[in-house]
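A closer look at the structure
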Amino acid sequence: MSRTKTNILKFSKPKRELVFNKTNIKKLQDENLQARTRIYDKNHQGFIIQATKSTLMFRSYGKPKGSKIPVDITIGEVGTIALDKAINIHLENYSMLKQGLNPNEVAKEKALQEMPMDSIMNMVSDYLKTMKMRGKHSPKNSITQEGILRNHIAPFVGKKSFEDISDNEWKKFVLGNKSEAIAKNCMKLLSATFNTLSRKEQKDIENPMTVVRRKKLINEDNTKKNIVLNTNPDTNNLGAYWNALMVYLEGFIPDEVIIPPSTKSREVVDAMLFCLLTGVRHEATLGLKWEDVNWKERTITLYEKGRMGKKNITSRPITDYLFVMLKGKEKKKGKIFNTTQATMDKAGKRIGLLLSYLETDPTPKFITKLIKDKQLINQKDYRLLVKRTTWDKELNVELNKLGTKPHGLRRANINIASILGISDSVQSAMLDHSSRDIDSQHYRTIDSNVLLDSFTRVGRYIDNRIAEYIGARETDDKLESPIFKYLGESVKVNKDNYYQTAKQIFPKEIEYKIGD
């Protein structure tokens, strides 16, 4: 076989240049130019005429000094704006580009400065800047939000404040949008901005999202509601959750592969377990770095979500579970959990599916109505269910009710604390809720040993519920810890007062005897 390769040279089309005058522009208008075709002026660098689907536009085109990315500044429509005026505007634009300024951004800033301080446009713009500066919005998300503000919100609100817009006007705004998705995203951004106002500023004004929901124009998104994982000792749900978590990691392989593993890495499973054992929010979990671990004091520093976008710096005691988990990790620099929020949310949904399909008896109706084999676990049925989680809103609502997502695990931790009779003040300290009243400030000064004991008791409760469900090895008063076993250690822990044997959990069905 010949190894010779055919080299094809691709040449870009030569730049089309003209002297912009009335005669040449008239000729361009008579041509049937393809949309996005650019014609460059010979006399003024960066001054172009660009064709759109229906007309020709005067534009400035060039790179700001020090930037590698060119910008496109619209001047006006050919025929609507005079050529001399267009040239003068272009010269101003090009002067700014040479200074390293983006004329589009300059114009936007000027428009905002001319607006009243309490205008919605000013408030939303300030909110987006703050979110971007604090790293709350990714660069991609920032561009999307700015587009929503510029293209959809700005034409409607103009220079108005929240106080100036009536309920009926909000209704018209929502119904006048091209799609429900655009309307919903607009209202989410407006609602988030409104919530940054003080109580005094919000007085006598209603949140726009509340208005449109009351009018049933936008429904609440039930697929994003987090419901707590059931931790009641009589339900065996924690043990079933653990089995689903292990199937997510290792797959379900009785004789042959029925359900393959959902991940090749333990990172997301470690992060989910950390959330369950500590009650830490997933944002703080994912932000944890090795430098936040104080081995000497046996504490972990956390940067939790606080009020008004501010970080709430708190700490957790390192229980024996966390000690073994952290010591078992190889990396000692950078982030502790090498996973993402999207992966954790997806894992939570998948674990909820496994919990429903494999561990719940009888299988819930919202699952059985979607599968063919109502009796046995079937790989084809499972694949079908996995695909449906990407688009089936009704299925996702049911899965989210199980509380297997990170926030559901956080709430499960504190529910266990309630079951164990841990005081309300200690529970508040365990959750690290930021509080406005002075009386609750003492929560943070609770003795570290009390917190360590409380988190350890919660961990032991979880361990016992898992052990009794999976049938761990046991003696009269101790059992082999499933959590420590997962973490690579063989450790025995005490049985608690709720512990039941496998016979108690899964009693044999007594046959009803008829006759002798």
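Residues numbered from 1 in each chain as written. Predicted model: local features only at pLDDT ≥ 70, side-chain atom pairs only at ≥ 80, totals over all residues. Heavy atoms only, no water.

**Quick notes on the overall build of the chain**
- Across its full length, the chain carries 22 helices and 10 strands.
- Out of the 516 residues in the chain, the part that is buried amounts to 43%.
- The contacts in the chain between residues at least 6 apart in sequence include a share of 58% that link residues at least 24 apart.
- As displayed, the chain has an accessible area near 31200 Å², and 49% of this comes from carbon and sulfur atoms. (Helix = DSSP H or I, 4+ residues; strand = E, 2+ residues; numbered from the N terminus. Buried < 20%, exposed > 50% of the residue type's maximum accessible area, 1.4 Å probe, protein only. Contact = heavy atoms within 4.5 Å. Areas by Shrake-Rupley, 256 points an atom, 1.4 Å probe, with all protein chains shown as cover.)

**Remarks on helix α10 (residues 237-250)**
- With 14 residues, α10 should cover 20 Å at 1.5 Å per step; its first-to-last C-alpha distance of 20 Å lies within 8% of that length.
- Of all the 14 residues making up α10, 12 are buried; the element is thus mostly covered by neighbouring parts of the structure.
- When α10 is considered as a whole, its buried residues turn out to be Asn 237, Leu 238, Gly 239, Ala 240, Tyr 241, Trp 242, Ala 244, Leu 245, Met 246, Val 247, Tyr 248 and Leu 249.
- Looking at the buried residues of α10, the elements they touch are α11 (267-278), α14 (341-358), α18 (406-419), α20 (448-470) and α21 (482-486).
- Trailing α10 by a residue or two, Gly 251 shows a phi angle of about 85°, which is positive. (Expected span 1.5 Å × (residues − 1).)

**Digging into the side chain of Asn 413**
- Along the chain, Asn 413 falls in helix α18.
- The buried category is assigned to Asn 413, whose relative accessible area is 1%.
- Leave out the neighbours within four places in its chain, and Asn 413 touches Leu 276, Leu 277, Thr 278, Gly 279, Met 430, Phe 455 and Val 458.

**Remarks on the packing of aromatic side chains**
- Within this structure, the stated rule accounts for 12 aromatic pairs.
- Both rings, one in Trp 295 and one in Phe 323, keep their centres 5.8 Å apart while their planes meet at 90°; by these two values the pair is edge-to-face. Of this pair, Trp 295 sits in the loop between β6 (293-294) and β7 (299-305) while Phe 323 sits in helix α13 (residues 320-327), and the two are 28 residues apart along the sequence.
- Judged by its relative accessible area of 28%, Trp 295 falls in the partly exposed class.
- With a relative accessible area of 28%, Phe 323 lands in the partly exposed category.
- An aromatic cluster of three or more residues is present, and its members are Phe 20, Phe 47 and Phe 58.
- Here Arg 38 stacks its cationic end above the ring of Tyr 61, 4.0 Å away from the centre of that ring. (Phe/Tyr/Trp six-rings, centres within 6.5 Å; stacked < 30°, edge-to-face > 60°. Lys NZ or Arg CZ within 6 Å of the ring centre and 35° of its normal.)

**Quick notes on the sheet that holds strand β5 (residues 71-77)**
- Taking strand neighbours across the sheet as the criterion, the five strands line up as β1-β2-β3-β4-β5 in an open arrangement whose pairing is mixed. Taken across any chain shown, the strands that pair with only one partner, and hence form the sheet edges, are β1 (17-18) and β5.
- One ladder, built from two bridges, connects β1 with strand β2 (residues 38-41); its direction is parallel. Within β2, the residue paired with Glu 17 across the bridge is Tyr 40.
- This element, helix α2 (residues 83-98), spans β3 (47-51), β4 (56-62) and β5 of the sheet and lies at about 160° to β5. (Pairing = 2+ DSSP bridges. Axes fitted to C-alpha atoms, helices over the stretch in contact; angles between N-to-C directions.)

**Comments concerning the pairing of β4**
- Taken across its seven residues, β4 has six buried, putting it largely inside the fold.
- Of the pairings in the sheet, the one linking β3 to β4 comprises five bridges and is antiparallel in character. Paired with Ile 48 across the two strands is Arg 59, which belongs to β4.
- The hairpin formed by β3 and β4 contains four residues between the paired strands.
- Note: β4 against β5, six bridges, orientation antiparallel. Pairing of Gly 62 across the sheet is with Val 71, part of β5.

**Thoughts on the pattern of salt bridges**
- A complete count under the given rule lists 16 salt bridges for this structure.
- Between Lys 329 and Glu 267 there is a salt bridge, and its shortest N-O distance comes to 3.2 Å. You can see Lys 329 sitting in the loop between α13 and α14 and its partner Glu 267 sitting in helix α11, a full 62 residues away along the chain.
- Three or more residues are tied together by salt bridges with common partners; here these are Asp 167, Glu 206 and Arg 214. (Salt bridge = Lys/Arg side-chain N within 4 Å of Asp/Glu carboxyl O.)

**Re the nonpolar core**
- In this structure, Met 430, Ile 462 and Ile 483 are the most contacted members of the largest nonpolar core, which totals 82 residues.
- Take this core: its biggest share by element is 10 residues, from α10.
- Ignoring any residue separated from it by four or fewer positions in sequence, one finds Ile 483 in contact with Trp 242, Leu 273, Leu 277, Tyr 321, Gly 459, Ile 462, Asp 463 and Ile 466.
- Listed in part, the 29 residues of the second largest apolar core include Tyr 127, Met 131, Ile 148 and Val 157. (Core = buried A, V, L, I, M, F, W, Y, C linked by side-chain atoms within 4.5 Å.)

**Some thoughts on the packing of α10 against α20**
- Viewed as axis vectors pointing N to C, α10 and α20 meet at an angle of 75°, and their least axial separation amounts to 7 Å. One way to sum up the angle between α10 and α20 is to call them roughly perpendicular. Here α10 contributes Leu 238, Gly 239, Ala 240, Trp 242 and Asn 243 to the contact with α20, which in turn contributes Tyr 461, Ile 462, Arg 465, Ile 466, Tyr 469 and Ile 470. (Parallel < 35°, antiparallel > 145°, perpendicular 65-115°, else oblique.)

**Comments concerning helix α6 (residues 167-176)**
- Along α6, the positions that sit buried rather than exposed are Trp 170, Phe 173 and Val 174. Buried positions in α6, seen along its axis, are confined to an arc of 95° and lie on one side of it. In this structure, α6 carries Lys 172, Leu 175 and Gly 176 as exposed residues pointing more than 90 degrees from its buried face.
- The secondary structure elements touched by the buried residues of α6 are α4 (120-133), α5 (139-157), α7 (180-194) and α9 (208-214). (Arc of directions from axis to C-beta.)

**What about a positive patch on the surface?**
- A contiguous patch of positive charge on the surface is contributed by Lys 372, Lys 380, Arg 383 and Lys 387.
- Within the secondary structure layout, Lys 380 lies in helix α16 (residues 379-388).
- For Lys 380, a relative accessible area of 69% translates into the label exposed. (Patch = residues over 30% accessible without salt bridge, like charges linked within 9 Å, V, L, I, M, F, W, Y side chains within 5 Å. Lys, Arg positive; Asp, Glu negative; His and termini not counted. Charge placed at Lys NZ, Arg CZ, Asp CG, Glu CD.)

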